[in-house]
Amino acid sequence: MRGAACAVALIGLGCASTVTRLDGSFPTPVGPAKSDCEKADWLVPAPTRVEFIDKVGRHSAPRDDGVALYRVGQARPESIPALVDAMGKESPTFERHSSAVRAYDTRAWTAAGLGVAGLAAIGIGTALFVSAFGTRNVANADGTISAQQHIDATKAGVGGVLALSGFGLGIVGIAVNPGQAERSRAEAERYVFLPPDDKQEDVVKWTQTYNQALRARCERAP
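Throughout, residues of each chain are indexed from 1 in the direction in which the sequence is written. The model is predicted, so local features are restricted to residues of pLDDT at least 70 and side-chain atom pairs to those at 80 or more, both for listing and for counting; the totals for chains, interfaces and linings are taken over all residues. Think of the side-chain values as coming from all heavy atoms in the structure, minus any hydrogens and water.

Visitor: Would you mind going over helix H7 (residues 200-220) in detail, with residue names and values included?
Guide: Helical segments are the DSSP runs of H or I of at least four residues, strand segments are the runs of E of at least two, and each set is numbered from the N terminus. Expected helix span is computed as 1.5 Å times (number of residues minus one). Between its terminal C-alpha atoms H7 stretches 31 Å, which fits the 30 Å expected from 21 residues at 1.5 Å a residue. Buried within H7 are the following residues: Val 203, Val 204, Trp 206, Thr 207, Gln 208, Tyr 210, Asn 211, Leu 214, Arg 215 and Cys 218. Structurally, H7 contributes buried residues whose contacts are with helix H2 (36-41), strand E2 (43-53), strand E3 (60-71), helix H3 (84-87) and helix H4 (92-131). Only protein chains enter the accessibility calculation, which uses a 1.4 Å probe; a residue is then buried when its area is under 20% of its type maximum, exposed when over 50%, and partly exposed in between. Any two residues whose heavy atoms approach within 4.5 Å are treated as being in contact.

The structure is reproduced here in structure tokens:
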């Protein structure tokens, strides 16, 4: 269940520390953003470092030949899947990145869901099990009243089954949850174009086309 909770946290964090913007940028023929309208959505291709974590999580292998897309003045890259509609509806490159990210996110969210369900089952089961034990007043032969312990077997049984099921769900969630190595690769797919599959000149060309269209829209705007 701890692994499932980590999955939720990692997804919520967005860009992980395994992706870092480096100094400089790759200029496009259209030049830099000129107006506030352009700066709001302008994209800047910049060199980016990616850290690939090994399977045991003790070592990392950095790569400094990546390219990511950033908004003006930002150090956090834009998600490649989030740019599909604007830049890569028909691009196999964008679809390849998006597919890898979807596969990772599906596993991470599945692990998180199993962990949450497991915690809920343990909580409800424990409450039912505890509430199954109580006392009730019993009339004695001499006319006196005494308290005797009473166990609701149905509640105890249901509570025990729920608690055990919760532990089982948590174990499955931990098994399903991606490890650090998978996470570092998924973050690379989410944010960074890497050679030889992704060419720097292609990323610059896509950015040029996008920024040109943005400039045209801003020039038509009041």
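After that view, the rundown keeps rolling.
Visitor: Describe the packing of aromatic side chains, listing the residues and the values that go with them.
Guide: Only the six-membered ring of Trp is used, alongside the rings of Phe and Tyr, when aromatic pairs are assigned; centres must lie within 6.5 Å, and planes under 30 degrees apart are stacked while those over 60 apart are edge-to-face, with the rest tilted. Applying the stated rule across the entire model yields four aromatic pairs. Arranged with centres 5.3 Å apart and planes meeting at 65°, the rings of Phe 129 and Phe 133 form a pair that is edge-to-face. Each ring, one from Phe 193 and one from Trp 206, has its centre 6.0 Å from the other, and the planes form 55°; the classification is tilted. Within this pair, whereas Phe 193 is found in the loop between helix H6 (180-191) and H7, its partner Trp 206 is found in helix H7, the two being separated by 13 residues in sequence. Across the pair, exposure class does not vary: Phe 193 and Trp 206 are buried alike. Connected via pairs of aromatic rings, a cluster forms that spans Phe 94, Phe 193 and Trp 206. Counted as over-ring charges are cases with an Arg CZ or a Lys NZ within 6 Å of the ring centre that also lie within 35 degrees of the ring normal. Sitting above the plane of the Tyr 70 ring, Arg 21 keeps its charged end 4.5 Å from the centroid.

Visitor: Outline the state of the cysteines, supporting the account with residue identities and numerical values.
Guide: Sulfur atoms of two cysteines make up a disulfide when they are within 2.5 Å. Counted according to the given criterion, the structure contains one disulfide. Disulfide pairing places Cys 37 opposite Cys 218 at an S-S distance of 2.1 Å. Measuring the twist about the S-S bond at about -80°, one finds the Cys 37-Cys 218 disulfide to be left-handed. Taken as a pair, Cys 37 in helix H2 and Cys 218 in helix H7 lie far apart in primary sequence, 181 residues in all. For Cys 37, a relative accessible area of 37% puts it in the partly exposed group.

Visitor: Give me the lowdown on the confidence of the model for the chain, citing residues and values where you can.
Guide: Across the chain, each position has a pLDDT score giving the predictor's confidence in that residue, from 0 to 100. Residue-level pLDDT values for the chain average 87, and 93% of them are 70 or greater. In the predicted structure, residues 1-15 sits below a pLDDT of 50 and forms 30 contacts with residues beyond four places in sequence or in another chain.

Visitor: Summarise the sheet that holds E2; cite the residues concerned and give the values.
Guide: Reading across from one edge, E1-E2-E3 is the order of the three strands in this open sheet, with antiparallel pairing throughout. Single-partner strands in this sheet number two, and they are strand E1 (19-21) and E3. Here the strands of the sheet are splayed against their neighbours by 30° on average, with no regard to which way each runs. Direction of pairing for E2 relative to E3: antiparallel, over a ladder of ten bridges. Across the sheet, residue Ile 53 finds its bridge partner in E3, namely Ser 60. H6 contacts E1, E2 and E3 of the sheet and is inclined by roughly 170° relative to E2. Think of it this way: DSSP has to see at least two bridges between two strands before they count as a pair. Structural elements are reduced to axes, namely lines fitted to C-alpha atoms, with helices fitted over the stretch in contact, and the angle between N-to-C directions of any two is expressed from 0 to 180 degrees.

Visitor: So what about the packing of H4 against H6? Which residues, and what values?
Guide: At a minimum axis separation of 8 Å, H4 and H6 run at an interaxial angle of 140°. Here the hand of the crossing between H4 and H6 comes out left-handed. Touching Arg 96, His 97, Ala 100, Val 101, Tyr 104, Asp 105 and Arg 107 of H4 are Glu 182, Arg 183, Ala 186, Ala 188, Glu 189 and Arg 190, all from H6. Note that Gly is not counted as nonpolar here; it falls among the polar residues with everything else outside the nonpolar set of Ala, Val, Leu, Ile, Met, Phe, Trp, Tyr, Cys and Pro and the charged set of Asp, Glu, Lys and Arg. For the contact of H4 with H6, the class distribution of residues is five nonpolar, one polar and seven charged. Handedness of a crossing follows from how the near helix is turned relative to the far one, being left-handed for an anticlockwise turn of less than a right angle and right-handed for a clockwise one.

Visitor: I'd like a rundown of H6, residues and numbers included.
Guide: Every α-helix winds through 3.6 residues per turn, so residues three or four apart in the chain are directed the same way. Relative to the 16 Å expected for twelve residues at 1.5 Å per residue, H6 spans 17 Å between its end C-alpha atoms, a close match to the ideal helical length. Of all the positions in H6, only Ala 181, Arg 183, Ser 184, Ala 186, Glu 187, Ala 188, Arg 190 and Tyr 191 are classed as buried.

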